[in-house]
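Residue-level listing of the chains:
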Amino acid sequence: MKRTYFLFLLLLIPSMSAAQNIERIEPSHWWAQMPVQELQITLYGKDIGLYRAAIDYPGVEIRKQISVDSPNYLFIYLDVSKTAEPGTFSVTLTHHNKSTEFAYELRPRETRGRRNMGFDASDVIYLMMPDRFANGDPSNDSIEGMLEKARFGDLTRRQGGDIQGVINNLNYLDELGMTAVWFTPMFENDMTAQYGAYHGYAATDLYKVDPRFGSNELYKALVDSVHERGMKVIMDMIHNHIGDKHWWMKDLPTADWVHDFERFGQTNFRGSVASDPYASEFDQLKLTDGWFVPEMPDLNQNNELLADYLIQNTLWWIEYSGVDGIRMDTYVYPDKDYMAKWSEKVLEAYPDFNIVGEAWVNTVSGQSFWQENAPGVDDGYDSNLPSLTDFNFSFAVRDAFTQDFGWQNGLSRLYYFLSQDFVYHDPMKNVTFLDNHDMSRFYEHIGKEEDFFKMALVYLMTTRGIPQLYYGTELMMGHTETQGDDEAWRQTMPGGWPEDERSVFTKEGRTDKENEIFELVRTLAQWRKTAIATHEGKLVHFIPENGLYVYFRVHDEQTIMVALNSNEDTSELNENRYNEILSRFTSGYEIISGEQVSLNNIQIEGRSAVIIELKN
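Residues numbered from 1 in each chain as written. Predicted model: local features only at pLDDT ≥ 70, side-chain atom pairs only at ≥ 80, totals over all residues. Heavy atoms only, no water.

Draft legend 1. Structural context of the pairing of strand 5 (residues 60-67). Pairing of strand 5 with strand 6 (residues 73-80), which is carried by seven bridges, proceeds in the antiparallel orientation. For V60, the partnering residue across the bridge sits in strand 6 and is V80. Once strand 5 ends, the chain turns through five residues before running back antiparallel as strand 6. (Pairing = 2+ DSSP bridges. Helix = DSSP H or I, 4+ residues; strand = E, 2+ residues; numbered from the N terminus.)

Draft legend 2. Just unusual backbone geometry, in detail. At the junction of E26 and P27, the peptide bond is cis and its omega measures out at -5° in the coordinates. Phi at F269 takes a positive value of approximately 55°, unusual for a residue other than glycine. By the secondary structure assignment, F269 is in the loop between helix 6 (261-264) and helix 7 (281-289). On the basis of relative accessibility, which here comes to 33%, the residue F269 falls in the partly exposed class. (Buried < 20%, exposed > 50% of the residue type's maximum accessible area, 1.4 Å probe, protein only.)

Draft legend 3. Representation of the packing of helix 14 (residues 450-462) against helix 16 (residues 512-528) in the model. Across the interface, helix 14 lies against helix 16 with an axial gap of 10 Å and an inter-helix angle of 15°. Classified by the interaxial angle, the pair formed by helix 14 and helix 16 is roughly parallel. Seen along the crossing, helix 14 lies across helix 16 with a hand that is right-handed. When helix 14 is examined against helix 16, the residues E450, F453, K454, L457, V458, M461 and T462 are found in contact with a partner set consisting of K513, E516, I517, L520, V521, L524, A525, W527 and R528. Class assignment of the residues belonging to the contact of helix 14 with helix 16 gives a composition of 10 nonpolar, one polar and five charged. (Axes fitted to C-alpha atoms, helices over the stretch in contact; angles between N-to-C directions. Parallel < 35°, antiparallel > 145°, perpendicular 65-115°, else oblique. Left-handed = near helix turned anticlockwise from the far one by under 90°. Contact = heavy atoms within 4.5 Å. Nonpolar A, V, L, I, M, F, W, Y, C, P; charged D, E, K, R; others polar.)

Draft legend 4. Spotlight on the packing of aromatic side chains. Enumeration over the complete set of coordinates arrives at 48 aromatic pairs. Look at F393 and F417: their rings are 6.1 Å apart centre to centre, the planes differ by 75°, and that puts the pair in the edge-to-face class. Of the two residues, F393 sits in helix 11 (residues 391-400) while F417 sits in helix 12 (residues 412-418), which places them 24 residues apart along the sequence. F393 gets classed as buried once you look at its relative accessible area, which sits at 1%. For F417, a relative accessible area of 1% translates into the label buried. With 5.7 Å between their ring centres and 80° between their planes, Y443 and F453 make a pair best called edge-to-face. Separated by 10 residues along the polypeptide, Y443 in helix 13 (residues 442-445) and F453 in helix 14 bring together distant segments of the chain. (Phe/Tyr/Trp six-rings, centres within 6.5 Å; stacked < 30°, edge-to-face > 60°.)

Draft legend 5. Representation of the pattern of salt bridges within the structure. Counted by the stated rule, this structure contains 40 salt bridges. The partner of R63 in a salt bridge is E61, with the nearest N and O atoms 3.6 Å apart. Note on R63: relative accessible area 54%, which makes it exposed. Two residues, D154 and R151, come together in a salt bridge whose shortest N-O distance is 3.3 Å. What makes D154 buried here is its relative accessible area of 15%. You can call R151 partly exposed: its relative accessible area is 43%. A single network of salt bridges, built from pairs that share partners, joins E148, R157, R158, D210 and R212. (Salt bridge = Lys/Arg side-chain N within 4 Å of Asp/Glu carboxyl O.)

Draft legend 6. The sheet that holds strand 15 (residues 354-357), seen in detail. Across the sheet, eight strands lie side by side as 16-15-14-13-10-9-18-17; this open sheet has parallel pairing. The open sheet is flanked by strand 16 (387-388) and strand 17 (431-433), the only strands paired with a single partner. Bridging between strand 15 and strand 16 involves two bridges; their strand directions are parallel. By the bridge assignment, G357 is partnered in strand 16 with L388. The strands that helix 5 (residues 216-228) touches are strand 10 (180-183) and strand 13 (232-237); relative to strand 13, the one it contacts most, it runs at about 145°. Seen against the sheet, helix 9 (residues 336-349) touches strand 14 (325-328) and strand 15 and runs at an angle of roughly 160° to strand 15.

So this is what it looks like as C-alpha cells:
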C-alpha cells in the first residue's frame, strides 16, 4: 500500500510542476458566438512549448499548435464554432509522462446598452491624456514594484491622473457638448523614470490597464459611464512598437518578433516614403523596420503569430470594453499590408465600428494614400482604413492665421487646402483638429491672438470632417514652462488634483476669459449635435477675397452660411456674389450671438466669424 502511494506521488509531482509552468494565458478568456471563429491562445511558462494540448468541449476544436524559438511559448489555435455555448472547459497539456490542465472560459457576449457604435461627422471628439486630466484616486499614484513613481508638478513625470478622475468629471465633458472621448493609451507602461511613459505609448502589457490608472474592470466601468451619458469612447492603440520593458523583451518568442535595431536603427519619420513611387528600398525599410525611439522596440507584423496576436488583442478589447472606435497610433510606420489586414478584420467583425489612423504626412496627397479606396492609388493597395487624423487640416489652419502668402495669403490657405479634397475617398471621415498632444498648443502657435483663436474654433466646428478638441483648448490653454517641448503642451487641468487652488471643472473656478471661451465651445458643440448640415451637408465655398472667406453647408433640411473676416475692420458681404445659395432664403439666425439677421445687409465685424442658419 505504501509503495503504491509513493508511486502515485511520483506521478503527481511532474503534473503539479507543469501547472506551475504556466505564467501567462492570453487572452485570459473569450466569448461564445463571436463574429470570428479563430482563437489564438498564447501560453507562456518554462518549457511550455514542449507540451501539446487537448480539448473536449462541444463546438471547440484545436486547429494547430505551434512551438517557437523560445521553448517557453505555445500558441494554440482553436476553432470556436457558432454552436459552442458559454461555459468553462479544460485544456489538458501533456509532455511525455507529464500532464496538467487549466480552465478556460467562454463568456456570453454582452448585448445590453450602447456598444461599438462607431463615430462620424455628427460627433465632436475630446482628446485627453488621462495622466494630465484629473487624479481621482491618489492611492494608485505610485505602485510598489513599478519602475516610475508619480511626481506631481514635474511634467516630465507621471502626475497621477487616472480613470477615477475621468469618471468624477464626466459632467464637465457633458456640459461642454462633447459626444466622444479619445483617451491616449491606458495599457500598462512600466517603464523607467528616466524615459517615462505617462503618455501610454510604450506598452509593457497589451492585455492590462496600467494599475496607476486603475484596472481593466474600472476601464470598462468608465466606458459604461461614458455610454450612459450618450457619449462614445475611442481607444488608442499602438501596433508599431512596444516599450523595451515589455515582458516579451526578456524572452522573445522568435528571433524576428521585433526588428533588429543594430540593422535598422531609428526610423526616418518620413511617412511619405510608403506612397512614394520612387522610394528606395533602403528608405522603405528604414520607415517600417526602424525603431521609433531606442526605448520602443519595433514590432515585426510580418511574423504571422504576432500579427494574429495583435489582431486578436484588438478584438478582445472591443468585445470586453464596448468601445466605439480605435485611434491607431503611428499608422504609417508598420507594415502597410498588415495594417490593411488589421483594419479589414476589425471592421468585418464590428461593421458599425470606426477606426482613425494617425497619418502624420506633410502633403495632402501623401496623407490621402492611407484612406480606403484612395483615388489615384494604382498599385492595387487599399488600406481599408475609413478615417485619418487630418494633420494637413491643422497645418492649413495654423498657416491661415500666421503666414502671408501674397495672393494666397491668410484665409486663402483654407480654400486651397480644401480644394484638394478630390484625392480622398471621403474627406468627411477625416478627423480635423487645431492641436493635439504631439503639437504646440494652437493659441500659443498663433501668437496668442484671441480673435483668430475664436475664428479657428468656428471653422473647426463648421467645415467638413469630424472635429476633435484637445483638452484645455476649450479654455484657450497656452504653453507652460517645462523641461521639454512635449510637456509644454501637456499640462494638468487645474482642479483635477487635491493640491490645486481652483477648479476649471466649475464655472466658479474658471477665470472670466476661460468662461468666455468655454461658453463659445459649448455653444458650438451643443448646437452642432442637431445641426445636420454640419454632419451631412455639402460644402460650397467661395474664393476668399479681401480677407473674407465665406462657405456654406447645404442639406435638404438645413443650410448654414459661415463667414470668416480676418480684417481689422468690419466687412460687408456682397450678397449678389453668393446669390446661388442666398436667393433661396429670406432671413437668418446667427448661432453664436442668438440674433436674427437680415440677408440684405450682412456685416461681419473685423477679426470675427459668424454662423448663420438660413431661413425661408
